[in-house]
There are 2 protein chains.
Amino acid sequence: MPKQSLSRRRFLQSTGAAALWIPASVRGYTSAEVQALYVDGVMQEEVSKWELDTPALCVDLDLLEANIAKMQSTLASNGIASRPHAKTHKTPIIARMQLDSGSVGICSAKISEAQALFQHGIEEILLTTTNVTPTKIQRAMDLRQANASFIQATDSAANARLLSEAAGAMGIEADVVVDVDPGGHRTGVTPGQPALELAQLVDQLPNLTLKGLLCYDGGSQHVKGFAQRREQTLQRLAAATETYDLFNRSGLNNEIFSGGGTGTYNIDHETRGLTDVQVGSYVFMDAQYIDIGGESDEQVYDDFAASLTILTTVLNDQYEGRCTTDAGAKSCTINRPWPRVKGEKGMSYTSGSDEFGTLRYEEEASRSYQVGDKLELIVSHCDPVVNLYDHMYAIRQDRVEAVWPIAGRGMSA
Amino acid sequence: MPKQSLSRRRFLQSTGAAALWIPASVRGYTSAEVQALYVDGVMQEEVSKWELDTPALCVDLDLLEANIAKMQSTLASNGIASRPHAKTHKTPIIARMQLDSGSVGICSAKISEAQALFQHGIEEILLTTTNVTPTKIQRAMDLRQANASFIQATDSAANARLLSEAAGAMGIEADVVVDVDPGGHRTGVTPGQPALELAQLVDQLPNLTLKGLLCYDGGSQHVKGFAQRREQTLQRLAAATETYDLFNRSGLNNEIFSGGGTGTYNIDHETRGLTDVQVGSYVFMDAQYIDIGGESDEQVYDDFAASLTILTTVLNDQYEGRCTTDAGAKSCTINRPWPRVKGEKGMSYTSGSDEFGTLRYEEEASRSYQVGDKLELIVSHCDPVVNLYDHMYAIRQDRVEAVWPIAGRGMSA
């Protein structure tokens, strides 16, 4: 870790610029101090990643930008668009980067998350979850009234009628897509005739405009092995393509046929009719995705780089073969596989304790740690990890370049 | 669900008191609306729990109050004090209720959590985790300077020296307890001679005042079966009692000897010397604790009632034998055992999907649900669940009585 010759904290507290006497042991920044140093989009002082208070959520900008560029170029060469899912990053600035790279829109999982994105300047939002309560339907219509680019989903006739009534009561027209079940029976209407009838109803109801259909095959994204994943998702999306054809033959609008994700991004263009891919995790990657294997490497899915890490500090090194860190379940979740120590070998990390992480050394450990040392973890499952933090630090070559508010953090309603 | 004859939302938006025309289907409150209705500690309107937007974290006040009273009376009759751990609730108002009931102090897991408690009026704070970085040590000394009741932990000689230097640089005296390892090797110094030597060092170093020792036996709290739990924790705390005796014989202050928890609260007074129990989960309870069994019932630990629930809404009921709700991993965590539907039988709930919960009916299901229905979940593991929410609704007899900020939410640094 770099040593500080100056206490930033006291520097910030002082009103003048004169250097104060500072004990050599005082270095590092609190979260509040780094936020205060980030003014009008520019860091007012050089801060190293290693000086951040921990646990801290960090994103490597070079890797993030490369991930976004690679996704965009691959999909473009495959003749399909991206509509990235904000449930992964919940961060308006990343949504803006995605739109700027050429994405046709941004997906959102919940109405509160969509509101947070819109409040931070994102307009092209497709809400993939059907709102069923009067409260949420009203919120969605309020958002539609303020934002002509907002599209929402429905998956039942009763719900479509409620949407129509709510839009009518406000004197607005709402854009609607039909959510189609890929077979997991989690959300969506059954493909084929039931989906067609729902689309026809949406098309006929006043105050609604049918935009097409969704079919998110979440169950296939983490299938291990590229060939197996390809086979499963093409099979599961076949009924959605038949539904897309039914829309066509019935003269219904199917300009949107959205589905797919990070695990199938280089397969989804084979699903005939699909217009855009709802990729999410590719921006950050995580241990869960790394383990599914890719097209070129059956063991490691390395199409995208692990840009998201948790910086953590060693709190206790007194016991043989292990050390304890400050990043436990409240900072890492308990998703499996467990987080991995970035750049090291022969060590395993567990975050099963709420407050503490446990790092164990195996025989071939590439190094050991002492109290106060900081290390970086590749996260287990990026979506719920991001949901634990209010900010992420945007890092370039180990320097803090920005502090990004995770405006959608906790927006599960 | 109660029907609303009035749209609260529009009522709030209107400047006058005249009733507006409201479609019958509009009912319920957003989170922001309920917060706005809670003014100076009083709800300005009657709001039913069932009208809350979901997912919503709710605490039943009658059950919470009974849990706090029962803990206090049991410990009092056993001649031991309570020093409840705020890592569970992260809610200053609950800490205040605990102190008002007679607790001798409040434990906190991280310095940011301790700061949040203090900013909300809680003073008697014991920080159970050793701060190892200059940044965190400085924050702890800042808190000590502002709050004479603040006590912090140490578990190594090098750290004790850093604390002494930092306190000296600020011209203050810091109260310190020695954290002793109960055998899990997670945190703390080895009991016996190593702990004694550390205590002697703390006692001799300038600017530090030794207050005693901690030994939190987290590993025993969830042992199934009262007898097994009792045997394990008494065995694991025996070395801490020997350390306590060593302190005594060396003339060291051991006025604090803190340990134990919700799983061992009615056992911990048998650990000779122990002054107070760091109970946490008893305020809320959860599926993990219910399953450990109690002294009177080997199957169900029912000494305390499950006061904490997640209110969730059914989003999809189209598929046989199941329905989908809006409370998934981001609202419930993926801790096991899974959340349980309160007051119902013959159904299982899983929150493995990030955004959605899955409820499955078994043969003897006590009921089934339709889209829009709300149901309550007993949480899996209360600590990390609370850490997902910014507010909890305090409910009495199904009516919202208060909206409590969870000021320590996300305070893991």
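Going by the structure above, here's the rest.
## Regarding helix H8 (residues 193-204) of chain A
All names here are of chain A.
Phase 1: Helix length check: H8, at twelve residues, gives a terminal C-alpha distance of 16 Å against a target of 16 Å (1.5 Å per residue), a fit within 8%.
Phase 2: Within H8, the full set of buried residues consists of Ala195, Leu196, Leu198, Ala199 and Val202. Down the axis of H8, the smallest arc covering the buried residues is 165 degrees, so these residues share one side. Opposite its buried face, H8 presents the exposed residues Gln193 and Gln204, each directed more than 90 degrees away.
Phase 3: On the buried face of H8, the contacting elements are strand E7 (151-154), helix H7 (157-170), strand E8 (174-179), strand E9 (208-215) and helix H9 (226-249).

## A closer look at the nonpolar core
Phase 1: In this structure, Leu213(A) and Leu213(B) are the most contacted members of the largest nonpolar core, which totals 225 residues.
Phase 2: In this structure Leu213(B) touches Val177(B), Val178(B), Val180(B), Ala195(B), Ala240(B), Thr243(B), Tyr244(B), Phe247(B), Asn254(B) and Phe257(B), once residues within four positions along its chain are discounted.

## Structural notes on the relation of the copies chain B and chain A
Phase 1: For the pair chain B and chain A, the best superposition has an RMSD of 0.0 Å and corresponds to a rotation of 180 degrees with a translation of 0.0 Å parallel to the axis. Both copies of the chain, as the preceding transformation shows, are related through a two-fold rotation axis.
Phase 2: Looking at chain B, 100% of its interface residues are interface residues in chain A too, so the copies touch through the same face.

## Some thoughts on the pairing of E9(A)
Residues and elements named next belong to chain A.
Phase 1: Of all eight residues in E9, seven are buried, a share of seventy percent or more.
Phase 2: Across six bridges, the pairing between E8 and E9 is parallel. In the sheet register, Val177 faces E9, and the bridge partner there is Gly212.
Phase 3: Of the crossover connections in this fold, the one passing from E8 over H8 to the parallel E9 is right-handed.

## Looking at the packing of helix H5 (residues 111-119) of chain B against helix H6 (residues 134-146) of chain B
All names here are of chain B.
Phase 1: It is at 10 Å that the axes of H5 and H6 come closest, and there the two elements cross at 20 degrees. Between H5 and H6, the crossing angle belongs to the class labelled roughly parallel. Where H5 crosses over H6, the two elements pack in a sense that is left-handed. Of the residues in H6, those touching H5 at Ile111, Ala114, Gln115 and Phe118 are Lys136, Arg139, Ala140 and Leu143.
Phase 2: Partitioning the contact of H5 with H6 into residue classes produces five nonpolar, one polar and two charged.

## Some words on the interface of chain B and chain A
Often the size quoted for an interface is simply the accessible area lost on bringing the parts together.
Phase 1: With 61 residues of chain B at the interface, the matching set in chain A holds 61 residues.
Phase 2: Tallying contributions element by element places H6(B) first for the side of chain B that touches chain A, with five residues.
Phase 3: Considered class by class, the residues forming the side of chain B that touches chain A number 20 nonpolar, 25 polar and 16 charged.

## Some points on the sheet that holds strand E6 (residues 125-127) of chain A
Paired through their backbone hydrogen bonds, the strands of a sheet run either parallel or antiparallel.
All names here are of chain A.
Phase 1: A sheet is described by the order of its strands in space; here eight strands give the open sequence E4-E11-E10-E9-E8-E7-E6-E5, paired in parallel fashion. The sheet terminates laterally at strand E4 (81-82) and strand E5 (106-108), the two strands that pair on one side only.
Phase 2: Examined bridge by bridge, E5 and E6 share three bridges and lie parallel to one another. Residue pairing across strands places Ile106 opposite Ile125, the latter belonging to E6.
Phase 3: Relative to E9, H9 is tilted by about 155 degrees, and along the sheet it contacts E9 and strand E10 (256-259).

## Digging into the packing of H8(A) against H9(A)
Residues and elements named next belong to chain A.
Phase 1: Where H8 meets H9, the axes come as close as 9 Å, and the angle between the chain directions of the two elements is 40 degrees. Compared by their axis directions, H8 and H9 come out oblique. For H8 against H9, the interelement crossing comes out right-handed. Contacts between H8 and H9 pair Ala195, Leu196 and Ala199 from the former with Thr243, Leu246 and Phe247 from the latter.
Phase 2: Looking at the contact of H8 with H9 residue by residue, the classes come out as five nonpolar, one polar and no charged.

Rules of the game
- Residues numbered from 1 in each chain as written.
- Chains lettered and ligands numbered in written order.
- Predicted model: local features only at pLDDT ≥ 70, side-chain atom pairs only at ≥ 80, totals over all residues.
- Helix = DSSP H or I, 4+ residues; strand = E, 2+ residues; numbered from the N terminus.
- Expected span 1.5 Å × (residues − 1).
- Buried ≥ 20, exposed ≤ 12 C-beta atoms within 10 Å, placed from the backbone.
- Arc of directions from axis to C-beta.
- Contact = placed C-beta atoms within 7 Å.
- Core = buried A, V, L, I, M, F, W, Y, C linked by C-beta atoms within 7 Å.
- Least-squares fit on C-alpha atoms with pLDDT ≥ 70 in both.
- Pairing = 2+ DSSP bridges.
- Right-handed = clockwise from strand over helix to strand, strands pointing away.
- Axes fitted to C-alpha atoms, helices over the stretch in contact; angles between N-to-C directions.
- Parallel < 35°, antiparallel > 145°, perpendicular 65-115°, else oblique.
- Left-handed = near helix turned anticlockwise from the far one by under 90°.
- Nonpolar A, V, L, I, M, F, W, Y, C, P; charged D, E, K, R; others polar.

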